[in-house]
Structure formats: structure tokens, C-alpha cells
Amino acid sequence: MNDKSLLLVDDEAALVDLLKKYLERLGFQVRTCTDPHAAVQALEAEPHRFSLVVTDLTLPGMSGEEMVERMRAIRPGLPAIIASGYAYQPRAHGVEFLQKPFLPKMLADAIHRILNVAKS
């Protein structure tokens, strides 16, 4: 597992592209998906590739929360950040919430925070 490898999931392709470029400039390897089913398949194919999943709460066909639950059935304890424009309270340990709209630096700070917690 690479501490710098992230799976970024959002159905807004323009936002995914923007965040991917920003995070890659910070040294992260970013795999993107705009479909939650494809994201679960990516994790199934390489369960230990990603150190963190970053997702939107509202996705087509499956919520971000449900997607994280499915991913954790494959890889228990996978750290996650769920972002939303709506109020949301994560129910699972190791899941952080990020209120939309957010600045890219706020996402980077949340990623570093959750990865540091996961290490300890």
C-alpha cells in the first residue's frame, strides 16, 4: 500500500479533474471514478493499492456512504473522507466529513489528518 495513493469518487467530472490535478501536484497518486460501482471494482481489483478513498455523499445508483461500506467489506478499516453540500454525520470510525463547497487546501488538510490517524 502506498500512503500517497488515493481513490477519488465524484459524479462531477470537472470537479474530479480539478481535484486530481491539485492532489497530484501535492505528490499524491490519484485514481478517479465518476461511478461508485466502478470505484468498488477498482478496489476489488487492487484491495491494498489505495490508502484512502475520497467521495461525494450523493452519487448515482449508490450513496458514498454505501460505497464506503462495500469497500470496507473488501478492505476493513479503509480510511475515507465523504464530502457533501448537505449536513452529514459519519456513522463509521475512520470516516471524516468535509462540507462542500471546500477549498482544495481543506481537502489536502483532511487527507493528511486522516492518514496520520490511520497510521497511529
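About the thresholds
Residues numbered from 1 in each chain as written. Predicted model: local features only at pLDDT ≥ 70, side-chain atom pairs only at ≥ 80, totals over all residues. Heavy atoms only, no water. Buried < 20%, exposed > 50% of the residue type's maximum accessible area, 1.4 Å probe, protein only. Helix = DSSP H or I, 4+ residues; strand = E, 2+ residues; numbered from the N terminus. Pairing = 2+ DSSP bridges. Right-handed = clockwise from strand over helix to strand, strands pointing away. Core = buried A, V, L, I, M, F, W, Y, C linked by side-chain atoms within 4.5 Å. Contact = heavy atoms within 4.5 Å.

Draft legend 1. Quick look at the pairing of strand 3 (residues 52-56). By the criterion of burial, strand 3 is predominantly enclosed, with 5 of the 5 residues buried. Residue alternation in strand 3 divides its side chains into two sets, Leu52, Val54 and Asp56 and Val53 and Thr55, and both sets are buried. One ladder, built from 4 bridges, connects strand 1 (residues 5-9) with strand 3; its direction is parallel. Directly across from valine 9, in strand 3, lies its bridge partner threonine 55. One ladder, built from 4 bridges, connects strand 3 with strand 4 (residues 80-84); its direction is parallel. When the sheet's bridge partners are listed, valine 54 is paired in strand 4 with isoleucine 81. For the handedness criterion, the β-α-β arrangement of strand 3, helix 3 (residues 64-74) and strand 4 is classed as right-handed.

Draft legend 2. Layout of the nonpolar core. Leu23, Phe28, Leu52, Val54, Ile81, Leu107 and Ile111 are the most contacted members of the largest nonpolar core, which has 20 residues in total. Top element by residues in this core is helix 4 (residues 104-119). It accounts for 6 residues. Beyond its immediate stretch of four places on either side in the chain, phenylalanine 28 contacts Asp3, Lys4, Leu6, Leu23, Ile111, His112 and Leu115. Counting residues in hydrophobic clusters, the runner-up holds 19 residues, among them Ala39, Leu59, Ala80 and Ile82.

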